[in-house]
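Report on the structure
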Protein chains: 2
Amino acid sequence: MTATGVDPNWPHVVIVGAGFAGLATAQRLARAPVRVTVVDRNNYHLFVPLLYQVATAALSPADVAEPIRHVLGRYPNIRVVLGEVAQVDTDARQVALATGETLRYDRLVVATGSTSSYFGHDEWRRYAPACKSIEEARVIRSRVLGAFEEAERDGAADREALMTFVIVGGGPTGVELAGSVAELARYALTSDFRRIRPETAKIILIEGGSRILSAFPDSLATYAERALARLGVQVMTDMPVEAITAEGLTAGGRFIPARTVLWGAGVAPTGAASLLGVVPGPDGRVAVRPDLSVEGLENVYALGDVAACLNEDGKPLPGLAQVAQQQGDYLGKALRAELTGGAAPKPFRFHNRGNAAIIGRHAAIFDFGRFRMKGYPAWMLWAIVHVVLLVNFAQRIRVSLQWLWRYLTYRRGARIITTPYSPPPG
Amino acid sequence: MTATGVDPNWPHVVIVGAGFAGLATAQRLARAPVRVTVVDRNNYHLFVPLLYQVATAALSPADVAEPIRHVLGRYPNIRVVLGEVAQVDTDARQVALATGETLRYDRLVVATGSTSSYFGHDEWRRYAPACKSIEEARVIRSRVLGAFEEAERDGAADREALMTFVIVGGGPTGVELAGSVAELARYALTSDFRRIRPETAKIILIEGGSRILSAFPDSLATYAERALARLGVQVMTDMPVEAITAEGLTAGGRFIPARTVLWGAGVAPTGAASLLGVVPGPDGRVAVRPDLSVEGLENVYALGDVAACLNEDGKPLPGLAQVAQQQGDYLGKALRAELTGGAAPKPFRFHNRGNAAIIGRHAAIFDFGRFRMKGYPAWMLWAIVHVVLLVNFAQRIRVSLQWLWRYLTYRRGARIITTPYSPPPG
């Protein structure tokens with residue numbers, strides 16, 4: 001044993017990815033007689049469900065990101081490594097990092113999450129940034145605020161296209177982005193300009209299918225559509241995207257001139273399958289057994305957005321933070337029991353804590369399966385839940401204060417452009 | 001008159017730069033029968049005196065930056081333009097922006113501030129980032145936190161150089177940076193790592209002259225040196241810098257291996273002189289008359305760091321926020337009086353409100369000329385003054401809360417690396 005009480009002979013659990021799944025796994029193994037190494041590309045855990053608020057200048061990056069070492073540093077048996085995994089050798093049971101370091105493991109947990117996907121049209125990425133990382137959120141913020149700045153210039157050509165914001169994708173991400181851009185334009189920026197009136201900006205939400213929020217019941221989706229309309233967001237359904245350029249977007253055979261297009265449409269799991277040398281399912285995810293171990297491998301687990309985990313009814317679980325967190329809690333407890341000689345765990349079972357989407361101030365929808373909520377009560381519940389979920393106390397105070405402030409004033413505290421503004425490449 | 005009550009025939013004041021000087025000028029002209037246009041490269045006013053706290057992960061960029069439109073948007077007679085000045089024609093009385101827009105002025109106010117200067121050694125810039133902009137502060141944050149991350153890697157070569165932080169320049173900026181890096185290493189990061197002990201990091205403050213804080217009285221500088229020593233900062237004087245490379249720094253004939261070198265040494269005014277076509281003084285600043293108008297020109301004013309303004313005793317005023325702000329207040333009032341038919345103003349007179357430097361938690365120095373303060377009372381006063389000075393109320397709450405929180409916990413809320421970490425180019 002070392003001075004810190006950590007025995008180098010304890011079994012070693014390597015966790016790749018410190019998102020909701022990886023972090024929960026590590027926390028459940030804290031202070032157990034197990035060595036844990038958490039590897040992540042970034043030095044922070046990102047609270048992705050609030051990232052759209054960074055993109056629309058309501059919160060700062062530090063409000064939704066928590067240093068991983070800050071969360072896990074207090075546990076002597078957990079080590080954090082900033083790095084990327086280059087290779088996994090499941091026979092030799094080792095992980096090679098891009099820096100050259102090699103980690104031998106007894107159990108490997110892969111929870112690398114998902115990234116934005118352009119359905120095979122990667123050329124759209126430069127014109128239509130997505131909102132899955134802080135860098136992307138910064139690009140969106142810079143494009144949106146920059147478009148108003150460009151439109152304000154004397155003699156700005158193309159003022160209408162500059163004042164048109166198209167959000168692609170009628171899922172929760174697209175709805176949240178559209179609602180938040182609308183609030184920015186209609187409330188936060190109203191007195192800021194002289195040549196333009198931001199509140200006249202066109203905000204259009206484009207959905208390829210026949211209705212938005214397809215994962216929610218009809219009644220809630222209908223409410224959301226009405227709430228978006230009240231905010232001045234135009235919802236256009238049955239409009240599959242055909243092209244995106246610097247000039248605008250073509251969908252359903254129709255061209256919409258717009259200098260700012262945001263992508264809230266698709267996500268795809270990161271390349272966990274190829275890293276592990278297994279064949280992914282049609283959606284790119286890795287098949288797992290009921291205990292979340294990867295099919296065809298021993299001592300390797302996959303959770304969160306990279307895992308194709310079936311619900312009791314045989315349907316795959318959606319890529320939600322609550323699914324990832326519950327899987328991490330489950331696996332952490334299971335590994336703790338197993339590696340310290342405890343009982344084998346029961347299969348993982350997901351408990352739906354409610355699926356939410358926020359349209360704007362005072363307007364949200366919440367689906368708990370058995371019952372539903374909408375409007376102000378749903379918004380209040382959503383706000384409370386998200387504040388409580390935020391990892392640390394300091395953030396909880398700061399974010400609630402920001403919310404309170406915005407609630408009272410409609411202002412946006414983080415409205416600075418620090419990513420040099422560049423219009424979409426033309 | 002237009003619907004907003006602004007008459008296009010009112011005289012037009014163009015203000016270039018929305019730092020302390022430019023912003024104060026504009027605010028004094030608010031709601032006067034004068035048209036004001038404020039031009040800045042950035043969409044935010046930057047509270048530079050707190051920027052070192054962004055660089056050392058204590059505050060977020062949005063905590064020290066305020067959207068200019070947010071401050072000035074409420075005044076219908078003030079227009080804000082995001083852009084860079086390409087050319088000034090003082091005969092035709094017009095300013096050409098890089099975007100092609102041309103502004104005709106009746107009065108021109110140039111307050112473009114200063115940037116970091118490497119005393120003719122621009123090749124040092126890439127190895128030793130300065131702290132004058134948000135981008136630079138982000139680079140410093142990423143380098144400092146990244147150096148600890150690199151040192152933590154298994155088999156990190158060069159661990160000692162990675163754990164050595166050299167700050168160049170014994171003025172307030174260098175002292176504040178050194179104190180803040182020391183507090184980060186000694187308090188905020190202590191339990192974060194497994195292979196290194198951040199509290200053993202070497203933090204060295206290098207000064208070319210014979211003592212630090214040369215603008216302060218001896219007794220205060222001596223106190224500051226003792227306070228730095230208590231924080232574990234090694235102060236080395238009589239060490240003019242001779243070379244900076246990726247491996248370290250050579251000063252006073254001595255090589256110090258260090259992977260992180262920060263520049264707090266020199267500033268130089270931006271190129272206001274060449275823009276205006278006047279001959280600058282030896283320090284690069286523009287000579288002004290007692291009413292802050294530029295010598296040799298009509299209807300053109302220079303303030304803040306670009307102006308060589310003489311005090312009553314014939315000495316040039318230092319490049320401080322309080323000088324800039326007082327000049328802006330003075331000129332705004334003077335122009336308001338002049339352009340609305342009032343009395344000609346008395347010459348500008350600087351009122352010293354105290355010169356401060358902060359060494360760390362509970363340790364600061366304050367020089368008011370007639371009397372002096374140091375230690376805890378000075379720190380408290382500094383904190384109150386800076387919180388009050390911050391432009392807007394929301395920031396005031398947020399920053400004080402952050403301070404309270406750090407005060408209670410020694411934590412740093414903004415400890416995330418979002419500028420991709422790159423070691424100094426080698």
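As recorded in an unreviewed UniProt entry, chain A goes by the name NADH:ubiquinone reductase (non-electrogenic), listed as coming from Sphingomonas sanguinis. If you open the UniProt record of chain A and go to Catalytic activity (unreviewed entry), you find "a quinone + NADH + H(+) = a quinol + NAD(+)". The Sequence similarities (unreviewed entry) field of the UniProt record for chain A holds the comment "Belongs to the NADH dehydrogenase family."

Examining the overall build of chain A
Of regular secondary structure, chain A possesses 12 helices and 24 strands. Counting the 426 residues in chain A, one finds 57% classified as buried. Counted over contacts in chain A with a minimum sequence separation of 6, partners at least 24 positions apart contribute 64%. Looking at chain A as shown, the accessible area adds up to about 16,900 Å², and 53% of this sits on carbon and sulfur atoms.

Looking at unusual backbone geometry
Phi at L292 of chain A is positive, roughly 75°, even though this residue is not glycine. Look at L213 of chain B: it is not a glycine, yet its phi comes out positive at around 50°. You can see L213 of chain B is positioned in the loop between β12 (202–206) and α8 (218–230). For L213 of chain B, a relative accessible area of 1% puts it in the buried group.

Things to note about the sheet that holds strand β2 (residues 35–40) of chain A
All names here are of chain A. The parallel open sheet is built from five strands, whose spatial order is β5-β2-β1-β9-β20. Two strands lie at the open edges of the sheet, namely β5 (78–82) and β20 (300–302), each paired on one side alone. Ignoring strand direction, the axes of neighbouring strands in this sheet form an average angle of 15°. Bridge count for β2 against β5 is five bridges, and the pairing is parallel. Note that in β5 the partner of V39 across the bridge is V81. Seen against the sheet, helix α1 (residues 20–28) touches β1 (12–16), β2, β5 and β9 (107–110) and runs at an angle of roughly 160° to β1. Along the sheet, helix α10 (residues 321–339) makes contact with β1, β9 and β20, crossing β9 at roughly 180°.

Things to note about the packing of aromatic side chains
Tallied over the full model, the rule gives 20 aromatic pairs over all chains. Taking the centre distance of 5.5 Å and the plane angle of 70° together, the rings of F20 of chain A and F47 of chain A count as edge-to-face. Note that F20 of chain A is positioned in helix α1 and F47 of chain A in the loop between β3 (44–46) and α2 (51–55), a separation of 27 residues in sequence. Judged by relative accessible area, which is 15%, F20 of chain A ranks as buried. An angle of 40° between the planes, with centres 6.0 Å apart, marks the rings of Y376 of chain B and W379 of chain B as tilted.

Some points on helix α8 (residues 218–230) of chain A
Residue and element names in this part refer to chain A. For α8, with 13 residues, the first-to-last C-alpha span of 19 Å sits near the 18 Å given by 1.5 Å per residue. Taken as a whole, α8 has its buried residues at L220, A221, Y223, A224, A227 and L228. Down the axis of α8, the sector holding all buried residues measures 160°, keeping them to one side. Opposite the buried face of α8, by more than 90 degrees, sit the exposed residues D218, A229 and R230.

Things to note about the pairing of β1 of chain A
All names here are of chain A. The element β1 is largely enclosed, with a buried count of five among its five residues. Along β1, one buried face is formed by H12, V14 and V16 and the opposite face, lined by V13 and I15, is buried too. Pairing geometry for β1 and β2, over five bridges, is parallel. In the strand pairing of β2, V14 is matched with T37. Handedness of the crossover joining β1 and β2 through α1: right-handed. Across four bridges, the pairing between β1 and β9 is parallel.

Considerations on the packing of helix α1 (residues 20–28) of chain B against helix α10 (residues 321–339) of chain B
For any two helices packed against each other, the geometry comes down to the angle between their axes and how far apart the axes lie. Residue and element names in this part refer to chain B. In contact at an axis separation of 7 Å, α1 and α10 are set at 30° when each is read in the N-to-C sense. Taken together, the axes of α1 and α10 lie roughly parallel to each other. Handedness of the crossing formed by α1 with α10: right-handed. Contact residues: α1 offers F20, A21, A24, T25 and R28, while α10 offers A321, A324, Q325, G328, D329, L331, G332, K333 and R336.

Brief notes about the UniProt feature "domain: FAD/NAD(P)-binding" (unreviewed entry) in chain A
In this numbering, the UniProt entry assigns the feature "domain: FAD/NAD(P)-binding" (unreviewed entry) to residues 12–328 of chain A. Taken end to end, residues 12–328 of chain A has its terminal C-alpha atoms 17 Å apart, with 28% of it in helix and 26% in strand.

Notes on the sheet that holds strand β22 (residues 355–360) of chain B
All names here are of chain B. The antiparallel open sheet is built from three strands, whose spatial order is β22-β23-β24. Of all the strands in the sheet, just β22 and β24 (372–374) have a single pairing partner and so form its edges. For this sheet, the mean inter-axis angle between neighbouring strands, taken without regard to orientation, is 5°. Of the strand pairs in this sheet, β22 and strand β23 (residues 363–367) are connected by five bridges, and their pairing is antiparallel. Bridging from a neighbouring strand, I358 pairs with A364 of β23.

Criteria and cut-off values
Residues numbered from 1 in each chain as written. Chains lettered and ligands numbered in written order. Predicted model: local features only at pLDDT ≥ 70, side-chain atom pairs only at ≥ 80, totals over all residues. Heavy atoms only, no water. UniProt positions renumbered as here; feature names shortened; annotations may be inferred. Helix = DSSP H or I, 4+ residues; strand = E, 2+ residues; numbered from the N terminus. Buried < 20%, exposed > 50% of the residue type's maximum accessible area, 1.4 Å probe, protein only. Contact = heavy atoms within 4.5 Å. Areas by Shrake-Rupley, 256 points an atom, 1.4 Å probe, with all protein chains shown as cover. Pairing = 2+ DSSP bridges. Axes fitted to C-alpha atoms, helices over the stretch in contact; angles between N-to-C directions. Phe/Tyr/Trp six-rings, centres within 6.5 Å; stacked < 30°, edge-to-face > 60°. Expected span 1.5 Å × (residues − 1). Arc of directions from axis to C-beta. Right-handed = clockwise from strand over helix to strand, strands pointing away. Parallel < 35°, antiparallel > 145°, perpendicular 65-115°, else oblique. Left-handed = near helix turned anticlockwise from the far one by under 90°.

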